[in-house]
Amino acid sequence: SQDIFTYDPGYMSTGSCKSAITYIDGDAGVLLHRGYAIADLAENCSFLEVAYAILKGELPNQAQKEKFEFDITRHSMLNEQINFFFRGFRRDSHPMAVLCGVVGAMAAFYHDSIDINDPHHRMVASYRLVAKMPTIVAWAYKYSLGQPFMYPQNKLSYAENFLHMMFATPCEEYKVSPVLARAMDRILILHADHEQNASTSTVRLAGSSGANPFACIAAGIASLWGPAHGGANEAVLQMLHEIGSVDRIPEYIKKAKDKDDPFRLMGFGHRVYKNYDPRAKIMAQTCHEVLNELGVHDEPLLKLAMELERIALEDEYFVSRKLFPNVDFYSGIIFRAMGIPTQVFTCLFALARTVGWIAQWNEMLTDPDQKIGRPRQLYIGSPYREFVPLNKRA
Ligand code: SDX
C-alpha cells in the first residue's frame, strides 16, 4: 500500500514519483481515479467527464462539463498542413507508426507557442492533444483505406465524433448507435489512466527533461505499442485466431506454461494486479452488450475467449501465479465487432491514455521536487583495464 513508500525526492530522479491521480491496489483489484471507483465512473460518466477529473482533480459540475466539452470539441480539427504528414506514409503503414509520427510532428506546429512553465499554456496543449487524438486515429485509418478524411462535427459528442470520422464517408453518413457510442465512452474510460505503467513512465521521463508535450506523448505512444503493454489487445485477437477452436485451447495453455516457449497468454497477467483487473470485468460486460446491440449472438471469438479464461482460471499454473484476464483480454473482441480493424486497436488505447499521460505530465511539472529522471543501474560490465592499441588486439 502507499504508506510503505517512504517519500524521498532523490527517488524522483529514478523515475519513481508521487501522484494524486490514480490509485491501484493490485491484491484487492481496486482502481480509483481521483478517489472515484472505476466501476462508478464507467457506469455513470462520459469519457470527457472522467478526462476532466483526471486532468483537473474533481468531477465537473454541469457548467464545467459543458465548457470542457465545448473547448475540446473546438480543438478537434488539425492544422490543414498536418494533413500532408499522412501522405508521406505508405498506405499499409501500421497506424501506430502513423500516430507516433503525426503526434510528434504536432510539436512542429504547436510547440513554439508553448511555455511549459506556464500552467495555462500547459492546459491549452493538453486540450489540443485530448481533442485531436480521435481525429488523428480516424484519419490514420481512413488513409490506410484510401478514403477521404472525415472532419469532426461540433454537434457530436467525443465518442460519436470518433465513430463518425472512422466510418462515415462523403457519400454516406454514419448513424451512430447510442449504445455503441456509450460503449465507446466506457471503453475509453477504462483505458484513461493507470498509475505509473510503462508508457506513462516514458512520458514522465521524457517530460522531466523539459521536452515539449507533443514529443512526450509521441514517446508514450511508442512505449504503449509493445505487445507486453498496449499492443496486447491486438495480440489477443491474433492469439484467438491462431487457437481457432476450443479443442485447441489445452495446446496453447501448455505452450503458455512452458518456460522454454516465449508464448504468453495475451490479455492475461499484470505487473500490479494479482487479482481480477477491475477493468476486465467491465469490459467483458460491455462486450456482451455491444454484441447484443449488433445482433451478434454467437461470436466464436467471444466463446473461445470465455472458455480460455475458464480453463486458465482452473489451472494451478495461472492460479498460483495469480494470473487473471487484464484490460486487453476482451477489448479487441468489442472493437472487432464495431468494425474497427485489429491494427487500430492499440491506437484506441493510445487515444484514451493520452488523458492520463498528459495529466501525469502536468502533475510532474507542478511538483517542485521533480528533477530530471535518471533511473539507476546495477553495473555488471568489465572492471577497469588498460587500453589496447588496434595493432595489438587479437
Ligand atoms: C497493460 O502496467 C500497467 O498498468 C499496464 C496496463 C495499463 O493500463 O497501462 O494495465 C495495460 O499493459 C496490461 C498487460 C497487457 N499485456 C499482456 O496481456 C501480455 C501478456 N502478459 C504478460 O506479458 C505479463 O503478464 C505482463 C507483461 C503483463 C506482466 O509480466 P510480469 O510482470 O513478468 O508478470 P509476473 O512477474 O507477474 O509473472 C509471474 C509469472 C512468471 O512466471 P515464473 O517466472 O513465476 O515461472 O507468471 C508468468 C511469468 O512468466 N506469466 C505468464 C503470463 N504473465 C505472467 N505466463 C503465461 N502467460 C502470461 N500472460
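Keep in mind that this is a model prediction, so the values were computed, not measured.

Draft legend 1. Expanded view of the overall build of the protein. Scanning the protein from N- to C-terminus turns up 19 helices and three strands. Per-residue burial for the protein yields a buried fraction of 51% across its 394 residues. Within the protein, counting contacts between residues at least 6 apart in sequence, those at least 24 apart form 75% of the total. Summing over all exposed atoms, the protein offers an accessible surface of approximately 18400 Å²; the carbon and sulfur share of this is 55%.

Draft legend 2. Spatial organisation of the packing of aromatic side chains. Counted under the stated rule, the structure contains 19 aromatic pairs. Centroid distance Tyr276 to Phe324: 6.1 Å. Interplanar angle 55°. Geometry classified as tilted. Pair noted here: Tyr276 is in the loop between helix H14 (249-257) and helix H15 (278-293) and Phe324 is in the loop between helix H17 (316-320) and helix H18 (328-337), with a separation of 48 residues, a long-range link. Judged by its relative accessible area of 24%, Phe324 falls in the partly exposed class. Taken together, Phe268, Tyr317, Phe318, Phe329 and Tyr330 form an aromatic cluster joined through their ring pairs.

Draft legend 3. Spatial organisation of the site of the ligand. If you check the shell around the ligand, you find 25 residues, and the closest are His194, His270, Arg271, Lys274 and Arg279. Within the contact set of the ligand, an oxygen atom lies 2.7 Å away from a side-chain nitrogen or oxygen of Lys274. At 3.0 Å from a nitrogen atom of the ligand is found a side-chain nitrogen or oxygen belonging to Tyr317. Bound to the protein, the ligand loses 79% of the 1100 Å² it would expose on its own. A per-class count over the shell around the ligand returns 10 nonpolar, seven polar and eight charged.

Draft legend 4. Inspection of the pairing of strand S1 (residues 22-25) at higher detail. The alternating pattern of S1 places Thr22 and Ile24 on a buried face, while none of Tyr23 and Asp25, on the opposite face, is buried. Between S1 and strand S2 (residues 30-33), which pair antiparallel in sequence order, lie four residues; one of them, Gly29, sits at a positive phi of approximately 70°.

Draft legend 5. Fine view of unusual backbone geometry. Even without being a glycine, Arg34 presents a positive backbone phi close to 55°. Note that Arg34 resides in the loop between S2 and strand S3 (36-37). When its relative accessible area of 22% is taken as the criterion, Arg34 is described as partly exposed. The phi dihedral of Glu195 is positive, around 65°, even though this residue is not glycine. With respect to the helices, strands and loops of the structure, Glu195 is situated in the loop between helix H10 (178-190) and helix H11 (198-207). Its relative accessible area of 22% is what places Glu195 among the partly exposed residues.

Draft legend 6. Molecular detail of the UniProt feature "active site" (unreviewed entry) in the protein. Under the present numbering, the feature "active site" (unreviewed entry) in UniProt falls on His270 and Asp328. The greatest C-alpha distance among the annotated residues, which extend across 59 residues, is 10.5 Å, indicating that they converge on a single site. For His270, the location among the structural elements is in the loop between H14 and H15. Excluding anything up to four places from it in sequence, His270 contacts His194, Asp277, Arg279 and Asn326. Engagement of the side chain of His270 in a polar contact is seen with the backbone nitrogen of Tyr273, the distance being 3.2 Å. Residue position: Asp328 is located in helix H18. For Asp328, a relative accessible area of 5% gives the class buried.

Draft legend 7. Layout of the sheet that holds S1. Taken together, three strands build an open sheet; the order of strands is S1-S2-S3 and the sheet is antiparallel. Only two strands of the sheet have a single neighbouring strand rather than two, namely S1 and S3. As defined by bridge partners, S2 adjoins S3 across two bridges and the pair is classed as antiparallel. The partner of Leu32 across the bridge, within S3, is Ala37.

Draft legend 8. Local environment of the environment of Leu31. With respect to the helices and strands, the residue Leu31 is situated in strand S2. Judged by its relative accessible area of 3%, Leu31 is buried. Leave out the neighbours within four places in its chain, and Leu31 touches Thr22, Tyr23, Ile24, Tyr36, Ala37, Ile38, His194, Tyr273, Pro278 and Arg279.

Draft legend 9. The nonpolar core, seen in detail. Counting 119 residues, the largest nonpolar core has Phe86, Leu99, Leu265 and Ile340 as its most contacted members. Other than its neighbours up to four places away in sequence, Leu99 contacts Met133, Ile136, Val137, Ile221, Cys347 and Ala350.

Draft legend 10. A look at the state of the cysteines. Enumeration according to the criterion identifies zero disulfides in this entry. Looking at Cys347, it has no disulfide partner, and the nearest cysteine sulfur is the one in Cys100, 10 Å off.

Draft legend 11. Seen up close, the confidence of the model for the protein. This prediction gives the protein a mean pLDDT of 93; 96% of its residues lie at or above 70. In this model residues 1-5 is a low-confidence stretch, pLDDT under 50, and it forms four contacts with partners more than four residues away in sequence or in other chains. With pTM at 0.94, the complex prediction returns an ipTM value of 0.96.

Reading guide: rules and limits
Residues numbered from 1 in each chain as written. Predicted model: local features only at pLDDT ≥ 70, side-chain atom pairs only at ≥ 80, totals over all residues. Heavy atoms only, no water. Helix = DSSP H or I, 4+ residues; strand = E, 2+ residues; numbered from the N terminus. Buried < 20%, exposed > 50% of the residue type's maximum accessible area, 1.4 Å probe, protein only. Contact = heavy atoms within 4.5 Å. Areas by Shrake-Rupley, 256 points an atom, 1.4 Å probe, with all protein chains shown as cover. Phe/Tyr/Trp six-rings, centres within 6.5 Å; stacked < 30°, edge-to-face > 60°. Near = heavy atom within 4 Å. Polar contact = N/O pair within 3.5 Å; in protein donor to acceptor, adjacent residues only side chain to side chain. Nonpolar A, V, L, I, M, F, W, Y, C, P; charged D, E, K, R; others polar. Pairing = 2+ DSSP bridges. UniProt positions renumbered as here; feature names shortened; annotations may be inferred. Core = buried A, V, L, I, M, F, W, Y, C linked by side-chain atoms within 4.5 Å. Disulfide = S-S within 2.5 Å. pLDDT = per-residue confidence, 0-100.

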